[in-house]
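# Commentary on secondary and tertiary structure
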Amino acid sequence: MTSTPAPFTWSEETFLSDGVACAARVYRPRSVPEAGAPAVVMGHGFGAVRALRLYAYAEQFAAAGYLAVVFDYRGFGESDGTPRQLLDIGMQHQDWRAALAFARGLPEADSRRIVAWGTSFGGGHVISLAGQGESLAAIIAQVPHVSGPAAVRATGVRASLRVLPLGLRDQLRALRGRAPVYLECAAAPGQAGAMTTPDALPGMDRLMAESGITRDSYPTHVAARIALKIGLYSPKRRAAAVTCPALVQIADSDTVTPRRVAEATAARMAHATVKVYSCGHFDPYVEPLFGQVVADQIAFLREHV
């Protein structure tokens with residue numbers, strides 16, 4: 001008995017971002033139109049790597065006939081770059097632009113139909129890039145970070161004050177050319193972490209378990225200096241300049257990127273489709289919601305790209 005081959009293939013490739021090699025996994029449908037297939041470029045959220053459930057989405061896109069390019073930011077995952085785990089917003093925007101240019105240059109891609117797909121912090125990035133005039137056929141922003149002040153309020157004053165000394169210490173060490181001080185991306189309530197809501201650490205643990213990865217192979221911390229900048233990063237300020245079709249997927253019980261500000265951000269966009277799900281911030285990545293979330297993304301692509 002022979003097994004049916006997957007409707008796609010994939011390969012590990014690299015592209016350069018400001019001279020640094022970034023890792024990209026490219027998923028290709030087995031059948032590509034002569035004019036090329038639309039390409040979905042995918043970047044993760046706060047301190048996360050592509051191996052953390054993004055491959056599951058990419059497989060669905062490729063099976064539906066889309067190219068999918070899943071990349072790691074420099075300093076994270078399989079990408080080069082030092083210091084490791086340095087989350088710098090401007091650098092990540094550069095990485096996004098380089099990844100989009102890489103996708104446009106793929107021989108199987110229709111360069112006119114490039115989609116930016118981002119989740120959480122990466123969802124904020126795709127809103128920012130589209131609002132800054134990046135040429136895109138569409139964007140998909142899943143549970144996106146849209147407001148720095150809202151994120152700080154959601155974190156809480158005590159939790160924010162707990163990480164401030166770490167951020168200051170790390171920034172001082174950076175100025176002296178020393179190794180970073182690190183901050184956990186997700187921690188239990190009362191501990192020092194970027195996300196300390198009750199669902200944050202269990203949510204991260206489940207995503208890692210579902211992805212078959214461990215903290216030994218993929219660290220879950222970032223250089224603590226980002227704690228000084230989260231409150232200043234508000235992609236919603238660019239939302240009114242987003243003219244391409246946009247799918248904004250919102251969790252109604254999101255304690256990391258609150259529903260109210262996400263809906264207000266989507267309302268500023270010229271062509272936004274909004275989907276709200278009864279879940280928390282970490283639930284769209286896994287079942288029972290994953291299937292519906294990715295089906296909505298594919299339906300959006302079918303309609304707009």
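Here is a short report on the structure shown in this document. (Residues numbered from 1 in each chain as written. Predicted model: local features only at pLDDT ≥ 70, side-chain atom pairs only at ≥ 80, totals over all residues. Heavy atoms only, no water.)

## Overview of the packing of aromatic side chains
Centre distance and the angle of the planes are the two values used to describe a pair of aromatic rings. All told, the structure shown has twelve aromatic pairs when counted by the stated rule. With centroids separated by 6.4 Å and ring planes inclined at 40 degrees, the aromatic side chains of tryptophan 10 and tyrosine 27 adopt a geometry described as tilted. With tryptophan 10 in strand S1 (residues 8–17) and tyrosine 27 in strand S2 (residues 20–29), the pair connects residues that are 17 residues apart, well separated along the chain. On the basis of an interplanar angle of 70 degrees and a centroid distance of 5.9 Å, the ring pair of phenylalanine 15 and phenylalanine 71 is categorised as edge-to-face. (Phe/Tyr/Trp six-rings, centres within 6.5 Å; stacked < 30°, edge-to-face > 60°. Helix = DSSP H or I, 4+ residues; strand = E, 2+ residues; numbered from the N terminus.)

## Quick word on the pattern of salt bridges
For the structure shown, the criterion picks out 16 salt bridges. Note that arginine 206 and glutamate 210 form a salt bridge whose closest N and O atoms lie 3.3 Å from each other. You can see arginine 206 and its partner glutamate 210 sitting in helix H6 (residues 200–211), four residues apart, about one turn around the helix. Take arginine 206: its relative accessible area is 37%, and that puts it in the partly exposed class. What you see here is one network of salt bridges that share partners, running through Glu12, Arg25, Arg50, Asp72 and Glu78. (Salt bridge = Lys/Arg side-chain N within 4 Å of Asp/Glu carboxyl O. Buried < 20%, exposed > 50% of the residue type's maximum accessible area, 1.4 Å probe, protein only.)

## Concerning the sheet that holds S1
Spatial strand order, S1-S2-S4-S3-S5-S6-S9-S10: eight strands in an open sheet with mixed pairing. Strand pairing shows two members of the sheet lacking a second neighbour, S1 and strand S10 (272–277), which therefore form its edges. The mean angle between the axes of side-by-side strands here comes to 20 degrees, regardless of whether they run parallel or antiparallel. Pairing analysis gives four bridges linking strand S3 (residues 37–43) to strand S4 (residues 67–71), with the strands arranged parallel. By the bridge assignment, valine 40 is partnered in S4 with alanine 68. (Pairing = 2+ DSSP bridges. Axes fitted to C-alpha atoms, helices over the stretch in contact; angles between N-to-C directions.)

## Examining helix H5 (residues 157–175)
Across its 19 residues, H5 extends 27 Å between first and last C-alpha, which sits within 8% of the 27 Å expected from 1.5 Å per residue. Helix geometry: H5 is bent most strongly at valine 163, by close to 30 degrees, with proline proline 165 lying one to four residues after it. All buried positions along H5 are accounted for by Ala159, Val163, Gly167 and Asp170. In the core, the buried residues of H5 are packed alongside helix H4 (148–155), strand S7 (182–184) and strand S8 (221–223). Of the residues trailing H5, glycine 177 is marked for its positive phi of about 75 degrees. (Expected span 1.5 Å × (residues − 1). Bend = angle between axes of the 7 residues up to and from the residue. Contact = heavy atoms within 4.5 Å.)

## Some remarks on helix H2 (residues 89–104)
Helix length check: H2 (16 residues) gives 23 Å between terminal C-alpha atoms against 22 Å at 1.5 Å per residue, within 8%. All buried positions along H2 are accounted for by Ile89, Gln92, His93, Asp95, Trp96, Ala98, Ala99, Leu100, Phe102 and Ala103. The secondary structure elements touched by the buried residues of H2 are S1, S2, S3, S4, strand S5 (109–119) and helix H3 (121–131). The N-capping residue of H2, defined by a side-chain oxygen 3.1 Å from the backbone nitrogen of glycine 90, is aspartate 88. (Polar contact = N/O pair within 3.5 Å; in protein donor to acceptor, adjacent residues only side chain to side chain.)

## Section: the pairing of S1
Pairing of S1 with S2, which is carried by ten bridges, proceeds in the antiparallel orientation. Across the sheet, the residue bridging to leucine 16 is alanine 21, located in S2. Between the antiparallel neighbours S1 and S2 lie two residues, among them aspartate 18 with a positive phi of about 55 degrees.

## Overview of the side chain of threonine 265
Examined against the element boundaries, threonine 265 turns out to sit in helix H7 (residues 259–267). Only 2.8 Å separates the side chain of threonine 265 from the backbone oxygen of valine 261, close enough to count as a polar contact. If we skip the residues at most four places from it in the chain, threonine 265 touches Val146, Lys236 and Ala239.

## Section: the packing of H2 against H3
Between H2 and H3, the shortest axis-to-axis distance is 11 Å and the interhelical angle comes to 70 degrees. It follows that H2 is roughly perpendicular to H3 by the angle criterion. In the crossing of H2 with H3, the sense of the turn from one axis to the other is right-handed. Contacts from Ile89, Gln92, His93, Trp96 and Arg97 in H2 reach Phe121, Gly122, His125, Val126, Ser128 and Leu129 in H3. Of the residues assigned to the contact of H2 with H3, the class counts are five nonpolar, five polar and one charged. (Parallel < 35°, antiparallel > 145°, perpendicular 65-115°, else oblique. Left-handed = near helix turned anticlockwise from the far one by under 90°. Nonpolar A, V, L, I, M, F, W, Y, C, P; charged D, E, K, R; others polar.)

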